Amino acid sequence: MSTTLIRRPGLARIRTGRAPLALLCLGFVAVVVCLAVLAPWIAPYDPNAVDLGNALAGPSADHLLGVDASGRDTFSRLALGARTSLLGPLGVVFFSTVVGVAIGTAAAWRGGWLDSVLSRSTELVFAFPGMLLAILIVSVYGEGLLAPVIALAIAYLPYVSRLTRSLVLAERARPYVEAYQVQGHSGLQICLRHVVPAVAPVVLAQSTVNFGYALIDLAGLSFLGLGVPALTPDWGRMVFDGNAAIQSGYPLSAIIPCVTIVLTVVAFNVVGERWADKVARRDR
């Protein structure tokens, strides 16, 4: 079975041949997820509590990561922002994976005109920049998380459906599929019980990589002021809020969320590709 992940242009491949790196990245992902889940209990301050008299103060015993230009605690906003910053990509990956797997499986299994229609439709979506689609939808429906998530989920569909189609085509040629057909099993039963579970590890590995890309895209929209509302803690929004502070010579409130975004994306990419490597070795 082929396990080649579809990569977006402009992003270099991260080699993950060494297990320690993958374990380190998996640990970092676990820490970020725990941070998002436990944020209401570990954040020491209200993320929107303003203290202008303490604006742009550096790290201290009271504020471990300092405060931003409005005097808001950076660590509290970073912790609670993890929820929004991870929930958005999770929505993108969930919807794009579910729909993409359905489209790719139907196209590969049925073939003929249905394959042509579905393949050409996904190619049209593939040719349209996802960020541009998100900006157009957000400009119509306004600020919020739902509109960009839906737009990016649509944009990510071709990556998942193309991969699924190629995997299902290879899986359908295996002898066990013909054996089940001879026994009278319907195509839907064979796909749901055998084919889709067989290709699921590779698709999930691709979805893990897509999660990192979605995090970058949503953070970029928030940085442009097109994502979550202004008072919602979000890593991309934190970079946007810290932009003016950088020009004033206080870059820390913007650097911290930037570094967090980069490390999280790298960690998810490494974990996803390591997962794909394991699947590839298992199927050899």
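Reading the values: rules and limits
Here, residues in each chain are numbered from 1, in the same order as that chain's written sequence. Only residues with pLDDT of at least 70 get local features here, since the model is predicted, and only at 80 or more are side-chain atom pairs given and counted; chain-wide, interface and lining totals rely on the full set of residues. To obtain the side-chain values, all non-hydrogen atoms of the structure were included, while hydrogens and water were left out. Under the DSSP-based scheme used, a helix requires at least four consecutive residues in state H or I and a strand at least two consecutive residues in state E, with every element numbered from the N terminus. In what follows, a contact means two residues having at least one pair of non-hydrogen atoms within 4.5 Å. Reported accessibility uses the Shrake-Rupley method at a 1.4 Å probe radius. Residues are deemed covered only where the shown protein chains occlude them. Neither His nor the chain termini are counted; the positive set is Lys and Arg, and the negative set is Asp and Glu. Just so you know, the charge point we use is NZ for Lys, CZ for Arg, CG for Asp and CD for Glu. Every case where a carboxyl oxygen of Asp or Glu lies within 4 Å of a side-chain nitrogen of Lys or Arg is listed as a salt bridge. Only protein chains enter the accessibility calculation, which uses a 1.4 Å probe. A residue is then buried if its area is under 20% of the maximum for its type, exposed if over 50%, and partly exposed in between. Think of it this way: a Phe, Tyr or Trp ring, Trp meaning its six-membered ring, pairs with another when their centres are within 6.5 Å, and the plane angle makes it stacked under 30 degrees, edge-to-face over 60, tilted otherwise. Remark: a charge is flagged as sitting over a ring if the NZ atom of Lys or the CZ atom of Arg is within 6 Å of the ring centre and within 35 degrees of the ring normal. What pLDDT conveys is the predictor's confidence in a given residue, as a value from 0 to 100. Between N-to-C directions, angles span 0 to 180 degrees; the directions come from axes that are lines fitted to C-alpha atoms, helices contributing only their stretch in contact. Just so you know how the angles are binned, under 35 degrees is roughly parallel, over 145 roughly antiparallel, 65 to 115 roughly perpendicular, and the rest oblique. Two helices crossing with the near one rotated counterclockwise from the far one by less than a right angle form a left-handed crossing, whereas a clockwise rotation gives a right-handed crossing. Within this scheme, the nonpolar core is defined by two criteria: the residues are buried Ala, Val, Leu, Ile, Met, Phe, Trp, Tyr or Cys, and they are joined through side-chain atoms within 4.5 Å. Patches here are clusters of residues that have more than 30% relative accessible area and form no salt bridge, with a 9 Å joining cutoff for like charges and a 5 Å cutoff for nonpolar side chains (Val, Leu, Ile, Met, Phe, Trp, Tyr). To estimate the expected span of a helix, count its residues, drop one, and scale the result by 1.5 Å. Two axes are fitted around each residue, one to the seven residues ending there and one to the seven starting there, and the angle between them is reported as the bend at that residue. We call Asp, Glu, Lys and Arg charged. Ala, Val, Leu, Ile, Met, Phe, Trp, Tyr, Cys and Pro are nonpolar, and the rest, Gly among them, are polar.

**Here's the deal with the overall build of the protein chain**
For step 1, the next point in the chain: Secondary structure summary: the protein chain contains 9 helices and 0 strands in total.
For step 2, the next point in the chain: Secondary structure of the protein chain in N-to-C order comes out as α-α-α-α-α-α-α-α-α.
For step 3, the next point in the chain: Taken along its principal axes, the extent of the C-alpha atoms in the protein chain is 75 × 45 × 35 Å.
For step 4, the next point in the chain: Counting contacts in the protein chain only where the partners sit at least 6 residues apart, residues at least 24 apart contribute 73% of the total.
For step 5, the next point in the chain: Accessible area of the protein chain: about 14,100 Å², with a carbon and sulfur share of 67%.
For step 6, the next point in the chain: In the protein chain, 21 positive and 16 negative side-chain charges are present, and the distance between their average locations comes to 13 Å.

**Notes on the pattern of salt bridges**
For step 1, the next point in the chain: In total, this model carries 5 salt bridges according to the counting rule given.
For step 2, the next point in the chain: For the salt bridge of Arg 72 with Asp 241, the shortest nitrogen-to-oxygen distance reads 3.3 Å. Taken together, the residues span a long stretch of sequence, with Arg 72 in the loop between helix H1 (19–42) and helix H2 (74–110) and Asp 241 in helix H8 (residues 235–247) at a distance of 169 residues.
For step 3, the next point in the chain: For Asp 241, a relative accessible area of 24% corresponds to the partly exposed category.
For step 4, the next point in the chain: Note that Asp 241 and Arg 237 form a salt bridge whose closest N and O atoms lie 3.9 Å from each other. Taken as a pair, Asp 241 and Arg 237 lie in helix H8 at a separation of 4 residues, close to a single helical turn.
For step 5, the next point in the chain: A relative accessible area of 8% places Arg 237 in the buried class.
For step 6, the next point in the chain: Members of the salt-bridge network, linked through shared partners, are Asp 68, Arg 72, Arg 77, Arg 237 and Asp 241.

**So, the packing of aromatic side chains**
Working definition: an aromatic ring pair is given by the centre-to-centre distance plus the angle between the planes.
For step 1, the next point in the chain: The final tally for this structure, using the stated rule, is 5 aromatic pairs.
For step 2, the next point in the chain: Of note, Arg 172 hangs over the ring of Trp 109, and the distance from its end group to the ring centre comes to 4.6 Å.

**Points about the side chain of Asn 210**
For step 1, the next point in the chain: One can find Asn 210 in helix H7 (residues 187–223).
For step 2, the next point in the chain: Every residue in contact with Asn 210, bar those within four places of it in the chain, is listed here: Val 93, Tyr 156, Tyr 159 and Val 160.

**Considerations on the confidence of the model for the protein chain**
For step 1, the next point in the chain: Averaged over every residue, the pLDDT of the protein chain is 83; the share at 70 or more is 92%.
For step 2, the next point in the chain: Mean pLDDT across the elements of the protein chain ranges from a minimum in helix H4 (residues 130–141), with 80, to a maximum in H2, with 92.
For step 3, the next point in the chain: Predicted confidence for residues 7–17 stays below pLDDT 50, and this span has 19 contacts to residues more than four positions away or in other chains.

**Quick look at the side chain of Thr 260**
For step 1, the next point in the chain: Tracing the backbone shows Thr 260 in helix H9 (residues 252–282).
For step 2, the next point in the chain: Thr 260 sits in the buried class, given a relative accessible area of 13%.
For step 3, the next point in the chain: In contact with Thr 260, other than residues within four places in its own chain, are Leu 78 and Trp 235.

**With respect to the packing of helix H5 (residues 146–172) against H7**
For step 1, the next point in the chain: Contact geometry of H5 with H7 gives a least axis separation of 10 Å together with a crossing angle of 155°. What the angle tells us is that H5 and H7 run roughly antiparallel. For H5 against H7, the interelement crossing comes out right-handed. Between H5 and H7, the contacting residues are Pro 148, Val 149, Leu 152, Tyr 156, Tyr 159, Val 160, Leu 163, Thr 164, Leu 167, Val 168 and Glu 171 on the first element and Val 195, Ala 198, Val 199, Val 202, Val 203, Gln 206, Asn 210, Tyr 213, Ala 214, Asp 217, Leu 218 and Leu 221 on the second.

**Observations concerning the nonpolar core**
For step 1, the next point in the chain: Judged by nonpolar contacts, the single largest core of 27 residues is most densely connected at Leu 86, Phe 211, Leu 215, Trp 235 and Ile 261.
For step 2, the next point in the chain: Those elements giving two or more residues to this core turn out to be H1, H2, H7, H8 and H9.
For step 3, the next point in the chain: Listed in part, the 16 residues of the second largest apolar core include Ile 137, Ala 147, Tyr 213 and Ala 214.

**Quick notes on a nonpolar patch on the surface**
For step 1, the next point in the chain: Side chains of Val 33, Val 37, Leu 38, Trp 41 and Ile 42 sit close together on the surface and give an oily, nonpolar patch of about 500 Å² of accessible area.
For step 2, the next point in the chain: Accessibility expressed as a relative area gives 68% for Trp 41, which makes it exposed.

**Some words on H7**
Helical geometry: 3.6 residues make up each α-helical turn, so side chains three or four residues apart lie on a common side.
For step 1, the next point in the chain: Relative to the 54 Å expected for 37 residues at 1.5 Å per residue, H7 spans just 46 Å between its end C-alpha atoms, considerably shorter than the ideal helical length.
For step 2, the next point in the chain: Ala 200 marks the point of greatest bend in H7, at about 45°, and the proline Pro 201 comes within the next four residues.
For step 3, the next point in the chain: Directly beyond the C-terminal end of H7, a positive phi value near 80° is found at Gly 225.

**Focus: the environment of Ser 121**
For step 1, the next point in the chain: Here Ser 121 shows up in helix H3 (residues 112–127).
For step 2, the next point in the chain: Sequence separation between Ser 121 and Pro 158 is 37 residues; the distance between their C-alpha atoms is 8.9 Å.

**Observations regarding the packing of H1 against H2**
For any two helices packed against each other, one specifies the crossing angle of their axes together with the interaxial distance.
For step 1, the next point in the chain: The N-to-C vectors of H1 and H2 enclose an angle of 125°; their axes lie 8 Å apart at closest approach. Overall, the two elements H1 and H2 adopt an arrangement that is oblique. Crossing angle aside, the handedness with which H1 passes H2 is left-handed. Along its contact with H1, which presents Val 32, Val 33, Leu 35, Ala 36, Val 37, Ala 39, Pro 40, Trp 41 and Ile 42, the element H2 presents Phe 75, Leu 78, Ala 79, Leu 80, Ala 82, Arg 83 and Leu 86.
For step 2, the next point in the chain: Residue composition of the contact of H1 with H2, by class: 15 nonpolar, no polar and 1 charged.

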